[in-house]
Structure formats: C-alpha cells, structure tokens
Amino acid sequence: MSVSFFSKRVQDVPKSLFQEHDLFVSALDNMAARIFLNMIAVQLQKPLIDGGAEGFIGHVQVILPGITPCLACHDLWVPPSEPFKCTYA
C-alpha cells in the first residue's frame, strides 16, 4: 500500500494522478475543494472518505459511487447553482 499527499490545491493536481489511486480521503479545509474531489471520485468511480469538524461538531461520510449518495446528492453541501450533480441523485 502506498499513500500520496499533496500540499497544493486539489484542483491543481493533474487528473492522471487521481486515476492512479484506488481510494481518496478528503482532508480538505473548504467546500469547493471537497465538491471537486467528490466530482473526481464519482467520475472515476472510486471511493471517497470525507470528514471534517468545526469545534465539537463533525461528520464522516463514505462515498461509494453508484452505491451511496455523494456530497452533491445532499443539498446542504451543494448550492442549487452548482453545475455538477452525480447520477445517483
């Protein structure tokens, strides 16, 4: 098993690097980055573990594209103006 991490905007990571990995773990600090990684996971049909916390409130969600809802399926995560919606929604 190998683990890769990047100290740059997730939107700036080449798509070819996403294709090389089997699973994504979101350790991101903003919604735009989370939605972007969610979109990549759904497009590539690869699992995503998303988690976050603010103060004492947190969440963890496992996204299995085509099996479980993704972040775009939940209107509380994605504003209606967002152009991406997964096919599960």
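Here's a quick rundown of the structure. In this text the structure is predicted, and so the values were computed from the model without any measurement. Along each chain, residue indices are assigned from 1 in the same order as the chain's sequence is written. Confidence filtering applies because this is a predicted model: local features only for residues at pLDDT of at least 70, side-chain atom pairs given and counted only at 80 or more, and all residues used for totals across whole chains, interfaces and linings. Heavy atoms throughout the structure, all of them, feed into the side-chain values; hydrogens and water do not.

**So, the packing of aromatic side chains**
1) Next: Note on aromatic contacts: the rings of Phe and Tyr and the six-membered ring of Trp form a pair at centre separations within 6.5 Å, being stacked when their planes are under 30 degrees apart, edge-to-face when over 60 apart, and tilted otherwise. Within the structure shown, the criterion is met by 2 aromatic pairs.
2) Next: Summarising the aromatic geometry, the rings of Phe18 and Phe24 are spaced 5.7 Å apart at their centres and angled 90° between planes, so their arrangement reads as edge-to-face.
3) Next: Look at Phe18 and you get buried, because its relative accessible area is 6%.
4) Next: Among the aromatic residues, those joined into a cluster by ring pairs are Phe18, Phe24 and Phe36. The classification of residues rests on relative accessible area computed with a 1.4 Å probe and restricted to protein chains. Under 20% of the type maximum is buried, over 50% is exposed, and intermediate values are partly exposed.

**Focus on the pattern of salt bridges**
1) Next: Salt bridges are defined by distance alone: a side-chain nitrogen of Lys or Arg within 4 Å of a carboxyl oxygen of Asp or Glu. Applying the stated rule across the entire model yields 2 salt bridges.
2) Next: The partner of Arg9 in a salt bridge is Asp12, and the shortest N-O contact between them spans 3.2 Å.
3) Next: Ionic pairing is found between Asp50 and Arg34, a salt bridge with its closest N-O pair at 2.8 Å. A residue pair is termed long-range when its members are at least 10 positions apart, and Asp50 in strand β2 (residues 48-54) and Arg34 in helix α2 (residues 31-44) qualify at 16 residues.
4) Next: For Arg34, a relative accessible area of 9% translates into the label buried. Numbering of helices and strands starts at the N terminus; helices are DSSP runs of H or I of at least 4 residues and strands are runs of E of at least 2.

**Notes on unusual backbone geometry**
1) Next: Positive phi values are uncommon outside glycine, yet Gln45 reaches one of about 55°.
2) Next: Tracing the chain through its elements places Gln45 in the loop between α2 and β2.
3) Next: On the basis of relative accessibility, which here comes to 52%, the residue Gln45 falls in the exposed class.

**Observations concerning a nonpolar patch on the surface**
1) Next: Patches draw on residues past 30% relative accessible area with no salt bridge. Two like charges within 9 Å are joined, as are two nonpolar side chains (Val, Leu, Ile, Met, Phe, Trp, Tyr) within 5 Å. The protein chains shown are the only cover counted for residues, whose accessible areas, like all others here, come from Shrake-Rupley with a 1.4 Å probe. Judged by side-chain polarity, Leu23, Val25, Ile49, Val60, Val62, Leu64 and Ile67 come together as a nonpolar surface patch covering roughly 620 Å² of accessible area.
2) Next: By secondary structure assignment, the location of Leu23 is in the loop between α1 (15-19) and β1 (24-26).
3) Next: With a relative accessible area of 43%, Leu23 lands in the partly exposed category.

**So, the sheet that holds β1**
1) Next: In short, DSSP must find at least two bridges between two strands for them to pair. Strands sit in the order β1-β2-β3 across an open sheet of 3 strands; the sheet is mixed. The open sheet terminates on both sides in strands that have one partner only, identified here as β1 and β3 (57-63). Shown here is a sheet whose adjacent strand axes are inclined to one another by a mean of 10°, direction ignored.
2) Next: Where β1 meets β2, 3 bridges bridge the pair, whose relative direction is parallel. Opposite Val25, over in β2, you have Ile49 as the bridge partner. Interaxial angle, 0 to 180 degrees, is taken between N-to-C directions of lines fitted to C-alpha atoms, where a helix line uses only the stretch in contact.

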